[in-house]
Amino acid sequence: MSFSLTWLPAVLESAGLKVAPVPGWESRGRAEMGRVLGVMCHHTAGPRQGNMPSLRTLIEGRRDLPGPLSQLGLGRDGTYYIVAAGRCNHAGAGSWQGLTGGNTNFIGIEAENTGLPDNRPWPEVQLDAYRRGVAAILRHAGRTALFCAGHKEYALPSGRKNDPDFDMDAFRRAVAAIIDDTAPPPSLIPKAEPQPSAGQPAARATLRRGSVDELVKVVQKKCGLPDDGVFGANTEAAVRRFQNSRGMVPDGIVGPKTWAALDTA
Ligand SMILES: [Zn+2]
């Protein structure tokens, strides 16, 4: 069975963000969520190397706290890993704007960062995705930027948590500006390769779900699929499998890096 937050990938994708569902995410959770009234920002305090080295911990939990530990993980490259569609153990005791149901009413985002000087400043691509993901979720839930809480602001007793290690007031102002703005979001990955790859006459377009193009057939052939030129769910799943097999971020989008990897497949 699925929990209720199955709208998360579509809402993030429609904000132009990269999404990597973690298998089993729809039915992962401590229990069903309550009504979504806000978003809570965290940092993982995880390892310095890698894009999302804390992902396994987010799924399985720690010795002192069973997982899942958040609905979303945010990698250093701005990819949202969809961990769970149900309630997660991310908030603990606390209060924000009179709301005390942290795990019940707040979606948790754990962004990969050590929380130490060795990880400052945060990568802009990650911070940009953080702001736009929070804005997309709050807009979907009909909430304002005020209901984006830092764990350090919510947690009681005061001082129990120090994450995330950036200025939450400035973060909320930026989120509010995105919520108010109706302009289409910029894309995190280029629309095409920066220049033609070796052996290619022209730079190849970035392909994703919904693309209809002769180039889609190239991807489908490489993945052993019927080549109808329509980038649908099966093609996306095959691209994610291919990316996983190459140790890449499985976002299901064929951009410059995935094109280069497909060339060697
Ligand atoms: Zn936290």
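Residues numbered from 1 in each chain as written. Predicted model: local features only at pLDDT ≥ 70, side-chain atom pairs only at ≥ 80, totals over all residues. Heavy atoms only, no water.

For the protein, the count of helices and strands is nine helices and eight strands. Projected onto its principal axes, the C-alpha positions of the protein cover 60 × 35 × 35 Å. Put simply, the protein has 265 residues, and 51% of those count as buried. Counting only contacts in the protein whose residues sit at least 6 apart along the sequence, the fraction spanning at least 24 positions is 65%. Of the roughly 12,100 Å² of accessible surface on the protein, a fraction of 54% belongs to carbon and sulfur atoms. Charged side chains of the protein number 31 positive and 26 negative; the gap between the two group centres comes to 3 Å. (Helix = DSSP H or I, 4+ residues; strand = E, 2+ residues; numbered from the N terminus. Buried < 20%, exposed > 50% of the residue type's maximum accessible area, 1.4 Å probe, protein only. Contact = heavy atoms within 4.5 Å. Areas by Shrake-Rupley, 256 points an atom, 1.4 Å probe, with all protein chains shown as cover. Lys, Arg positive; Asp, Glu negative; His and termini not counted. Charge placed at Lys NZ, Arg CZ, Asp CG, Glu CD.)

Per the domain assignment, the segments of the protein are domain 1 (4-179) and domain 2 (191-265). Each of domain 1 and domain 2 has a C-alpha centre, and the two are 29 Å apart. Across the contact, nine residues belong to domain 1 and six residues belong to domain 2. Across the domain 1 to domain 2 interface the summed buried area is about 500 Å²; carbon plus sulfur atoms make up 56%. The tally of links from domain 1 across to domain 2 stands at zero salt bridges. Between domain 1 and domain 2 we count one residue pair in polar contact (both at pLDDT 80 or more) in total. (Domains from an automatic or database assignment. Buried area = accessible area lost by both parts, 1.4 Å probe. Salt bridge = Lys/Arg side-chain N within 4 Å of Asp/Glu carboxyl O. Polar contact = N/O pair within 3.5 Å; in protein donor to acceptor, adjacent residues only side chain to side chain.)

Pairs of aromatic rings are described using the distance from one ring centre to the other and the angle between the two planes. Taken as a whole and judged by the stated rule, the model has six aromatic pairs. An angle of 75° between the planes, with centres 5.1 Å apart, marks the rings of Trp122 and Phe166 as edge-to-face. Of the two residues, Trp122 is situated in the loop between β7 (106-111) and α4 (124-141) and Phe166 in the loop between α5 (151-154) and α6 (168-180); the sequence distance between them amounts to 44 residues. Judged by its relative accessible area of 12%, Phe166 is buried. (Phe/Tyr/Trp six-rings, centres within 6.5 Å; stacked < 30°, edge-to-face > 60°.)

In a regular helix each residue adds 1.5 Å, so 13 residues correspond to 18 Å; helix α8 (residues 233-245) covers 18 Å between its end C-alpha atoms and thus fits that length. Turning to α8, its buried residues number three or more, namely Thr235, Glu236, Ala238, Val239, Arg240, Phe242 and Gln243. Those residues of α8 hidden inside the fold are in contact with α1 (8-13), β1 (18-21), α7 (214-222) and α9 (256-263). Following α8 by one or two positions, Gly247 has its phi on the positive side, about 70°. (Expected span 1.5 Å × (residues − 1).)

Turning to the nonpolar core, a few remarks are in order. In this structure, Tyr130 and Val134 are the most contacted members of the largest nonpolar core, which totals 47 residues. Elements that contribute at least two residues to this core include exactly α1, β2 (38-43), β5 (72-74), β6 (79-82), β7, α4, β8 (148-150) and α6. The leading source of residues in this core is α4, at eight residues. Sequence-distant contacts of Tyr130, that is, excluding residues within four places in its chain, are made with Cys41, His42, Leu74, Tyr80, Ile109, Ala111, Trp122, Phe166 and Phe171. (Core = buried A, V, L, I, M, F, W, Y, C linked by side-chain atoms within 4.5 Å.)

Quick look at the environment of Glu13 now. Take Glu13: it is sitting in helix α1. When its relative accessible area of 38% is taken as the criterion, Glu13 is described as partly exposed. Along the chain, Glu13 and Met248 lie 235 residues apart, while their C-alpha atoms are 19 Å from each other. The contact partners of Glu13, leaving out residues within four places of it in the chain, are Val19, Glu236 and Arg240.

Okay, the sheet that holds β1 next. The strands making up a sheet associate through hydrogen bonds between their backbones, and the pairing can be parallel or antiparallel. Ordered in space as β1-β6-β5-β7-β2-β8, the six strands form an open sheet in which the pairing is mixed. Only two strands of the sheet have a single partner each, and these edge strands are β1 and β8. Direction aside, neighbouring strands of the sheet carry axes that sit 25° apart on average. Sheet topology note: the β2/β8 ladder contains three bridges and is parallel. (Pairing = 2+ DSSP bridges. Axes fitted to C-alpha atoms, helices over the stretch in contact; angles between N-to-C directions.)

With that settled, the discussion passes to the coordination of the zinc ion. Taken together, the protein donors to the zinc ion comprise His42 (ND1), His151 (ND1) and Asp163 (OD), at separations of 2.1 Å. Read from N- to C-terminus, the donor residues coordinating the zinc ion fall into the pattern H-x108-H-x11-D. With a gap of 109 residues between them, His42 in strand β2 and His151 in helix α5 connect regions that are remote in the sequence. When sorted by exposure, His42 lands in the same class as His151, which is buried. (Donors = N, O, S within 2.8 Å, 3.2 Å for Na, K, Ca; no water.)

Quick look at the layout of surface pockets now. In this structure, the largest pocket encloses a volume near 450 Å³. For the lining of the largest pocket, the secondary structure elements donating two or more residues are β2 and α2 (55-60). Grouping the amino acids of the lining of the largest pocket by side-chain chemistry returns six nonpolar, 14 polar and five charged. (1 Å grid on protein atoms, 1.4 Å probe; cavity = no way out; pocket = protein on both sides within 12 Å on 5 of 7 lines; lining within 4 Å. Points joined across faces, edges and corners; volume = space filled by probe spheres on them. Nonpolar A, V, L, I, M, F, W, Y, C, P; charged D, E, K, R; others polar.)

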